[in-house]
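If you want the building blocks of each chain, they are given just below.
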Amino acid sequence: MEKTVADHLSKTALTLNNDKIIKVLHVDDDENSLSITKLHLQKIGSFQIDSVLSVRDAYKKLKQKHYDVIISDYIMPDRNGLEFLKQLRNEQNNIPFVLFTGTNRKEVLIDALNLGAYRYFNKNENPDTLYLELAHSLNFASLVTDIKKTENELIESENKFRAITAAARDALILIDNNGNCL
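An account of the accompanying structure is given in this report.

Moving on to the side chain of N80. Assignment of secondary structure puts N80 in the loop between β3 (69-72) and α4 (81-90). Here L82 takes part through its backbone nitrogen, which lies 2.8 Å from a polar atom of the side chain of N80.

This is how it looks when you write it as structure tokens:
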């Protein structure tokens, strides 16, 4: 039997970060879209989704809580998704940003990617694969973020170690847990 893309994505999305709950901030002025997306994503994986109706409300949430990923609509009343993304990037906020919109214009896609969006999805695509692809992307974005965070922690730790050893006036001997001199 031939596997469909949906079958493959479902298994992959479920296994990428199955130990971690991914915190998602979803911004859309359409309450139905927020509800449907939340329902689908929570069926597929371990997502904790906070939904807000405006960019203004999104900023309030971002001040209160850390999120692994942001999903945003493009057309909204106070600011559009690209303006939201641009403002985040200007503030040096590199949280993975997914533009999830019903707008099917190439220039919006190109602008989103040029501004640093992680992915772009058209809400009007086939829902059987759309939400699986979205879940997979959210999982992968969270995984990449975790890897970057770990890399930064390792670099910081190494820099501290170098500073300590460079400033030491006496000889340093490093011994591992087995008593071996390193």
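From this point on, the discussion continues.
This part covers the pattern of salt bridges. All chains considered together, the criterion is met by 8 salt bridges. A salt bridge links E156 to K160; the nearest nitrogen and oxygen atoms lie 3.5 Å apart. One end of the pair, E156, and the other, K160, are both in helix α6 (residues 127-167), 4 residues apart, so they sit about a helical turn from each other. A salt bridge links E158 to R162; the nearest nitrogen and oxygen atoms lie 2.4 Å apart. A residue pair is termed a helical-turn pair when its members lie 3 or 4 positions apart in one helix, as E158 and R162 do in helix α6 at 4 residues. Overall, the relative accessible area of 39% leaves E158 in the partly exposed class. When salt bridges that share partners are traced, they join D28, D73 and K123 into one network.

Turning our eyes to something else, we now look at the sheet that holds strand β4 (residues 97-101). As summarised here, the arrangement of the 5 strands in space is β2-β1-β3-β4-β5, forming an open sheet in which the pairing is parallel. Whereas interior strands pair on both sides, the edge strands pair on one side only; in this sheet they are β2 (47-52) and β5 (119-122). With strand direction ignored, the average angle separating the axes of adjacent strands in the sheet is 20 degrees. Sheet topology note: the β4/β5 ladder contains 4 bridges and is parallel. Following the sheet pairing, L99 is matched in β5 by Y120. Along the sheet, helix α2 (residues 31-44) contacts β1 (22-27), β2, β3 and β4; its crossing angle with β2, the most-contacted strand, is approximately 175 degrees.

This brings us to the nonpolar core. L25, V27, L62, I70, F84, F97 and L99 are the most contacted members of the largest nonpolar core, which totals 22 residues. Breaking this core down by element, the ones donating at least two residues are β1, α3 (55-64), α4, β4 and α5 (106-115). For L62, the contacting residues outside a window of four places in its chain are L25, Y67, I70, F84 and L88. In terms of nonpolar packing, the next biggest core, distinct from the first, is built from 18 residues, L41, I44, A135 and A141 among them.

For the rest of this paragraph, the subject is the packing of aromatic side chains. One pass over the structure, following the stated rule, counts 3 aromatic pairs. Note on F84 and F97: the rings are 5.6 Å apart at their centroids and 70 degrees apart in plane angle, and the pair reads as edge-to-face. In this pair, F84 sits in helix α4 while F97 sits in strand β4, placing the two residues 13 residues apart along the sequence. The exposure class of F97 is buried, given its relative accessible area of 0%. One aromatic cluster in this structure is built from Y59, F84 and F97.

All right, on to unusual backbone geometry then. Here the phi dihedral of Q92 falls at roughly 65 degrees; this positive angle occurs in a residue that is not glycine. Within the fold, Q92 resides in the loop between α4 and β4.

Rules behind the numbers
Residues numbered from 1 in each chain as written. Predicted model: local features only at pLDDT ≥ 70, side-chain atom pairs only at ≥ 80, totals over all residues. Heavy atoms only, no water. Helix = DSSP H or I, 4+ residues; strand = E, 2+ residues; numbered from the N terminus. Polar contact = N/O pair within 3.5 Å; in protein donor to acceptor, adjacent residues only side chain to side chain. Salt bridge = Lys/Arg side-chain N within 4 Å of Asp/Glu carboxyl O. Buried < 20%, exposed > 50% of the residue type's maximum accessible area, 1.4 Å probe, protein only. Pairing = 2+ DSSP bridges. Axes fitted to C-alpha atoms, helices over the stretch in contact; angles between N-to-C directions. Contact = heavy atoms within 4.5 Å. Core = buried A, V, L, I, M, F, W, Y, C linked by side-chain atoms within 4.5 Å. Phe/Tyr/Trp six-rings, centres within 6.5 Å; stacked < 30°, edge-to-face > 60°.

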